[in-house]
Amino acid sequence: MTDAEKAAKVLEALKAAEAATPQAALPMLNNLVGLVQAHGEQPLEVEEARSGAFLAICEIGKALHRGQPADRLWASAIAATERWKSLAK
């Protein structure tokens, strides 16, 4: 699977998780870890975008795990994933 395909799957899952309850969203986010991890060398710009998406998703996961509001975090994670997708090939 290419990075662009992974990013597309992550983006789709993020949008579904955003619409889900926090209890349902957390496992959905946990399932994204394998897709967001680096596998092979990519240009630095792609790696930075991928890692930005990963960190943004982790922030949502931490907030949900702690029972904190995550509303503002979803947009950041989606934007970071869209950037990763646009740069990946």
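None of these values were measured; they are calculated from a predicted model.

*Asks:* Please provide a residue-by-residue account of the overall build of the chain, values included.
*Replies:* In terms of regular secondary structure, the chain is built from 5 helices and 0 strands. Along the chain, helices (α) and strands (β) appear in the sequence α-α-α-α-α when read from the amino end. For the chain, the C-alpha radius of gyration of 12 Å lies close to 12 Å, the compact-globule estimate for 89 residues. Projected onto the principal axes, the alpha-carbon positions of the chain cover approximately 35 × 20 × 15 Å.

*Asks:* Would you mind going over the layout of surface pockets in detail, with residue names and values included?
*Replies:* Computed from the structure, the largest pocket encloses a volume of approximately 150 Å³. If you trace the largest pocket, you find it lined by Leu26, Leu29, Asn30, Leu32, Val33, Val36, Phe54, Ile57, Cys58, Gly61 and Lys62. For the lining of the largest pocket, the elements supplying multiple residues, two or more each, are helix 2 (22-30), helix 3 (33-36) and helix 4 (44-66). Here the residues of the lining of the largest pocket are counted per class, giving 8 nonpolar, 2 polar and 1 charged.

What counts as what
Residues numbered from 1 in each chain as written. Predicted model: local features only at pLDDT ≥ 70, side-chain atom pairs only at ≥ 80, totals over all residues. Heavy atoms only, no water. Helix = DSSP H or I, 4+ residues; strand = E, 2+ residues; numbered from the N terminus. Rg over C-alpha atoms; globule rule 2.2 N^0.38 Å. 1 Å grid on protein atoms, 1.4 Å probe; cavity = no way out; pocket = protein on both sides within 12 Å on 5 of 7 lines; lining within 4 Å. Points joined across faces, edges and corners; volume = space filled by probe spheres on them. Nonpolar A, V, L, I, M, F, W, Y, C, P; charged D, E, K, R; others polar.

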